[in-house]
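# Overview (structure and organization)
Chain residues, written in single-letter form:
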Amino acid sequence: MNITDLDKLAQRRLPTPIYDFLEGGADDQYSLRHNSEAFDQLQIKARSLIDVSSVDLSVHVLGQQLQWPLLLSPVGMKRMFHPDGELAAARAATHSGSLYTATVFSTISLEKIAAETGGPKMFQSYLLADPELNDEMVDRAKAAGYPAMCLTVDSIVGGNRETVIRRGVSIPPKLTLKSALQFGAKPVWASNYLKHEKWQLENMVNAKSLAGAPYALLDTKPSWEKAGRMIARWQGPFAIKGIMSAEDAKRAVEIGATAVIISNHGGRQLDATPAPIELLREVRGAVGADVEVIVDGGIRRGTHVLKALAMGATACSIGRPYLYGLAAGGQYGIERSLALLRSELQRAMILAGCSNIKTLDISLLRRAGFD
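In what follows, the accompanying structure is described. Predicted, not measured: the structure shown is a model, and the values here were computed from it.

Here we take up the overall build of the chain. When helices and strands are counted, the chain shows 14 helices and twelve strands. Along the three orthogonal principal directions, the C-alpha set of the chain runs to about 65 × 45 × 40 Å. Taken across its 371 residues, the chain has 57% of its residues classed as buried. By element, 52% of the accessible surface of the chain is carried by carbon and sulfur atoms, the whole surface being about 16,200 Å².

Here you go:
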């Protein structure tokens with residue numbers, strides 16, 4: 001019936017360590033909880049007796065036309081959750097008319113994803129320690145036909161995800177004596193994992209060293225200048241993801257970004273941060289009306305998307321909601337998660353008296369309370 005139901009299905013089907021890897025946030029998990037809870041402070045002022053017989057959800061973002069304003073956020077190592085992994089997600093996004101973001105830490109190569117899915121898409125990377133590898137990723141994505149590129153900037157080191165640390169999750173998972181009982185308790189997942197070929201980070205097979213973890217590849221001395229060089233090399237629609245201040249949003253635009261993605265990495269990196277929706281108005285004010293602003297984090301309902309659009313977002317981005325679907329039922333599960341959110345958004349538009357997302361503005365909303 002909803003994203004929460006898919007979450008429960010995912011929890012039933014995944015081994016506990018793998019589910020904790022999907023769900024866990026950093027430290028006390030304040031940011032993880034608050035990302036969604038912050039939407040509750042916004043109420044929708046519905047208008048009546050308005051013709052909503054036709055509702056237009058379409059949007060042009062990152063140089064591409066989407067049927068509705070949703071992006072699938074970059075998530076690495078999806079074959080941990082289902083053997084079809086990234087291809088299931090990309091195909092589901094194409095089917096739903098949303099945009100799929102392939103990641104540098106994919107278990108299927110960026111070329112194969114591009115070749116086998118025809119919908120809107122974007123390729124995401126990080127600032128990598130090896131400058132040649134940075135250039136290689138940009139050039140490969142361009143050659144594969146990705147219309148847009150994304151740079152994630154909030155992950156110099158991994159967040160302190162204590163639930164994951166307690167479980168001793170390794171990447172990729174290893175069937176140790178300790179984990180065998182937990183994995184064996186989910187026989188379908190264990191069978192899929194054992195009968196399919198061992199996965200790896202397909203875009204990184206020629207990297208000098210993974211040193212046991214993807215974070216070993218990241219540049220520990222990032223700079224705006226390095227990001228600017230990547231944008232200049234790409235020469236097309238470019239988003240910077242992980243923006244959490246108006247100052248950084250302005251700087252991103254100054255170096256050539258055409259879009260900023262307000263994100264705290266789903267509460268998985270720095271804890272005790274504002275929710276992305278709480279930063280939207282000040283970021284929009286800082287970058288102006290022409291820059292695309294995408295809200296990533298906490299989206300669990302179509303009304304959340306509606307509230308973000310009314311606050312000034314160009315579109316929204318989701319991570320866990322479609323991963324719940326992937327874990328619960330592969331491509332079909334993701335399609336179900338997207339269909340739920342899209343139908344909720346369309347219904348909310350009709351009930352609020354809105355026929356076109358381009359006309360949404362702050363007048364649709366009010367803060368909770370009696371003021």
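A few words now on the sheet that holds strand β8 (residues 238-243). Hydrogen bonds along the backbone pair up the strands of a sheet, which may run parallel or antiparallel. In spatial order, the strands read β4-β5-β6-β7-β8-β9-β10-β11; together these eight strands close into a barrel with parallel pairing. Strand-to-strand, the axes of this sheet are offset by a mean angle of 25°, without reference to chain direction. Sheet topology note: the strand β4 (residues 70-72)/strand β11 (residues 315-318) ladder contains three bridges and is parallel. When the sheet's bridge partners are listed, L71 is paired in β11 with S317. Relative to strand β10 (residues 292-296), helix α12 (residues 276-287) is tilted by about 170°, and along the sheet it contacts β9 (259-262) and β10.

As enumerated under the stated definition, the model contains ten salt bridges in all. Across the pair R251 and E225 runs a salt bridge, and its minimum N-O distance is 3.7 Å. With R251 in helix α11 (residues 246-254) and E225 in helix α10 (residues 224-234), the pair connects residues that are 26 residues apart, well separated along the chain. Classification of E225 by relative accessible area gives partly exposed; the value is 46%. Counted as one network, the salt bridges with shared partners bring together E111, E136 and R140.

Tracing the sequence through the fold places E335 in helix α14 (residues 320-352). Sequence separation between E335 and R140 is 195 residues; the distance between their C-alpha atoms is 28 Å. The residues contacting E335, other than those within four sequence positions of it, are A92 and H95.

In this section: the packing of aromatic side chains. Under the defined criterion, the tally for this structure stands at two aromatic pairs. For the pair F123 and Y146, a centre-to-centre distance of 5.8 Å together with 55° between the ring planes defines the contact as tilted. Placement of the pair is F123 in strand β6 (residues 121-125) and Y146 in the loop between α6 (131-144) and β7 (148-152), with a sequence separation of 23 residues. Cation over ring: R268 sits above F21, and NZ or CZ is 5.3 Å from the ring centre.

Another point: the environment of D290. With respect to the secondary-structure elements, D290 resides in the loop between α12 and β10. Since its relative accessible area comes to 77%, D290 is described here as exposed. In this structure, the C-alpha to C-alpha distance between D290 and A259, residues 31 residues apart in sequence, is 9.3 Å.

Definitions and cut-offs
Residues numbered from 1 in each chain as written. Predicted model: local features only at pLDDT ≥ 70, side-chain atom pairs only at ≥ 80, totals over all residues. Heavy atoms only, no water. Helix = DSSP H or I, 4+ residues; strand = E, 2+ residues; numbered from the N terminus. Buried < 20%, exposed > 50% of the residue type's maximum accessible area, 1.4 Å probe, protein only. Areas by Shrake-Rupley, 256 points an atom, 1.4 Å probe, with all protein chains shown as cover. Pairing = 2+ DSSP bridges. Axes fitted to C-alpha atoms, helices over the stretch in contact; angles between N-to-C directions. Contact = heavy atoms within 4.5 Å. Salt bridge = Lys/Arg side-chain N within 4 Å of Asp/Glu carboxyl O. Phe/Tyr/Trp six-rings, centres within 6.5 Å; stacked < 30°, edge-to-face > 60°. Lys NZ or Arg CZ within 6 Å of the ring centre and 35° of its normal.

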